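An overview of the molecular structure
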Amino acid sequence: MSEAYVHGYHARENQRLKDQAGTLVELLHADTSYPPGSLVLEAGCGVGSQTVTLAQRSPAAQFTSIDVSADSVAQAKRASDAAGLTNVRFQRADIFALPFAPESFDHVFVCFVLEHLSHPSDALGVLKNMLKPGGSMTVIEGDHGSAYFHPDSSAARNAIQCLIELQRWAGGNALIGRQLYPLMVDAGLDTVRVSPRMVYADSSRPGMVDGFTRKTFTAMIEGVRESAIEAGITGPEDFDRGIRDLHRTAEADGVFCYTFFKGVGTKRP
Ligand SMILES: C[S@@+](CC[C@H](N)C(=O)[O-])C[C@H]1O[C@@H](n2cnc3c(N)ncnc32)[C@H](O)[C@@H]1O
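Report follows, based on the coordinates. (Residues numbered from 1 in each chain as written. Predicted model: local features only at pLDDT ≥ 70, side-chain atom pairs only at ≥ 80, totals over all residues. Heavy atoms only, no water.)

A look at empty space enclosed by the protein
Put simply, the rule is: A pocket, in this scheme, is an open set of points on a 1 Å grid over the protein atoms alone with protein on both sides within 12 Å along at least 5 of 7 lines, while a cavity is a set where a 1.4 Å probe fits but cannot get out; residues line either one if an atom lies within 4 Å of a point. Grid points are joined across faces, edges and corners, and a volume is the space filled by probe spheres set on the points. A run of DSSP states H or I qualifies as a helix once it reaches four residues; a run of E qualifies as a strand once it reaches two. Both are numbered from the N-terminal end. In this classification, Asp, Glu, Lys and Arg are treated as charged, Ala, Val, Leu, Ile, Met, Phe, Trp, Tyr, Cys and Pro as nonpolar, and every other residue, Gly included, as polar.
This model, assessed by the stated rule, comprises one cavity of 30 Å³ or more. Approximately 570 Å³ is the volume found for the largest cavity. The element that contributes the greatest number of residues to the lining of the largest cavity is helix α1 (residues 11–29), accounting for five residues. Counted by class, the lining of the largest cavity contains 20 nonpolar, 14 polar and seven charged residues.

Below you can see the structure in the form of structure tokens.
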């Protein structure tokens, strides 16, 4: 993992991951389901925000969900138990030191993890190794350069840029969505198809405005306030103006757009 995981593991961030997953279920998961009996590795499950959806949508598949953070794995297990799931096994593990034999899984699922790794192509290589021949890999990533909004605001764009910079210094890449296709092809995956998934929020879609504009995206940028000020890349007033302007896009005449990228590839039989 990157030296400093830019979002941290505190309660507010865990809640943000849940809000994000809840709001984006249809957009990101509608076309993902795994056949009965198939073995699926979810790498970097975090607090289980995607796990619950994945396992509910494929009740007869068997999931192994891992994360490098023991606390997150424990929370993911609690979320899975609370949802009454019996088809998920949780384990603390590092993607770069997986305790599984090669070709152990029919499918691999990775969501919002590559953006935090300094060697995302190595991670894809490791995960491809876990796949049986003919198996599939699904990768979902965002790209913070895809955020645009009305009213436009340079202060808001500068606040977003703070997160992009901090993530880059921590070894990650907040603009990785646009690179998903070449990364998956370079990892040797076959039949790679990447589909952009655009979030569009205006006040005719209040669930999206609240769940995405406020509680997912703006909350994520707000979460790096102290680190950005400490790093000297912004001042409190400039940053807070950016956050106010992001909240402004959630008002009745505001609009917010963002694009996620979902890639699916297969391992040659
Ligand atoms: C932004 S969270 C995403 C969690 C979850 N996939 C979701 O979509 O809500 C990124 C997760 O990747 C995990 N992670 C980062 N590097 C990892 C590694 N080398 N091995 C396993 N997990 C890792 C972090 O601990 C964190 O829980």
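Here the narrative resumes, following the displayed structure.
Quick word on helix α9 (residues 236–248)
Stated precisely, the cut-off is as follows: Each helix should span, by expectation, one fewer than its residue count multiplied by 1.5 Å. To sort residues, take the accessible area from a 1.4 Å probe on protein chains only and compare it with the maximum for the residue type: under 20% means buried, over 50% means exposed, and anything in between is partly exposed. Arc, as used here, means the arc of the directions from the helix axis to the C-beta atoms.
Under the 1.5 Å per step criterion, the end-to-end length of α9 is 18 Å for 13 residues, consistent within 8% with the ideal 18 Å. When we look at burial in α9, the residues that qualify are F239, G242, I243 and L246. The buried residues of α9 all sit within an arc of 95° when viewed along its axis, so they share a single face. Among the exposed residues of α9, those oriented more than 90 degrees off its buried face are E237 and R244.

A closer look at the packing of aromatic side chains
Rule in force here: Two rings from Phe, Tyr or Trp (for Trp, the six-membered ring) form a pair when their centres sit within 6.5 Å of each other. Planes less than 30 degrees apart are called stacked, planes more than 60 degrees apart edge-to-face, and all others tilted.
This model, assessed by the stated rule, comprises eleven aromatic pairs. Relative to F217, the ring of F212 lies with its centre 6.4 Å away and its plane at 35°, an arrangement referred to as tilted. The pair formed by F212 and F217 is uniform in burial state, with each residue classed as buried. For the pair F217 and Y258, a centre-to-centre distance of 5.5 Å together with 50° between the ring planes defines the contact as tilted. With F217 in helix α7 (residues 206–222) and Y258 in strand β8 (residues 255–266), this residue pair connects regions lying 41 residues apart in the sequence. Residue F217 shares its accessibility class with Y258, and that shared class is buried.

Remarks on the packing of α7 against α9
Under the convention used in this document: Axes here refer to lines fitted to C-alpha atoms; in helices the fit is confined to the stretch in contact. Angles between the N-to-C directions go from 0 to 180 degrees. When describing relative orientation, an angle under 35 degrees is termed roughly parallel and one over 145 degrees roughly antiparallel, while 65 to 115 degrees is termed roughly perpendicular and anything else oblique. Pairs of residues are marked as contacts when any of their non-hydrogen atoms sit within 4.5 Å.
Between α7 and α9, whose axes approach to 10 Å, the crossing angle comes to 170°. Comparing their axes, α9 and α7 come out roughly antiparallel. Judged by residue contacts, T213, R214, T218, I221 and E222 of α7 engage F239, I243, L246 and H247 from α9.

Concerning the environment of S227
Among the structural elements, S227 can be located in helix α8 (residues 225–230). When its relative accessible area of 36% is taken as the criterion, S227 is described as partly exposed. Taking the C-alpha atoms as reference, S227 lies 9.1 Å from C162; in sequence the two are 65 residues apart.

Remarks on the pairing of strand β3 (residues 88–92)
Short version of the rule: Between any two strands, pairing holds if DSSP finds at least two bridges.
Summarising the sheet, strand β2 (residues 62–67) and β3 pair through five bridges and their orientation is parallel. Bridge pairing in β3 links F63 to V88.

Thoughts on the side chain of S65
Structurally, S65 is set in strand β2. With a relative accessible area of 0%, S65 lands in the buried category. What S65 contacts, discounting residues up to four positions off in sequence, is E42, C45, T51, V88, R89, F90 and Q91.

Points about helix α5 (residues 154–169)
To be explicit about the condition: N or O atoms closer than or at 3.5 Å make up a polar contact, with two conditions inside protein: a donor-capable atom paired with an acceptor-capable one, and, for residues adjacent in sequence, both atoms drawn from side chains.
Taking 1.5 Å as the rise per residue, α5 with 16 residues should run 22 Å; its terminal C-alpha atoms sit 22 Å apart, in good agreement. Tucked inside the fold, the buried residues of α5 contact β6 (148–150), α7, α8 and α9. Measuring from the side-chain oxygen of the N-cap residue of α5 to the backbone nitrogen of A155 gives 3.2 Å; that N-cap residue is S153. Just past α5, the residue G171 takes up positive phi, approximately 100°.

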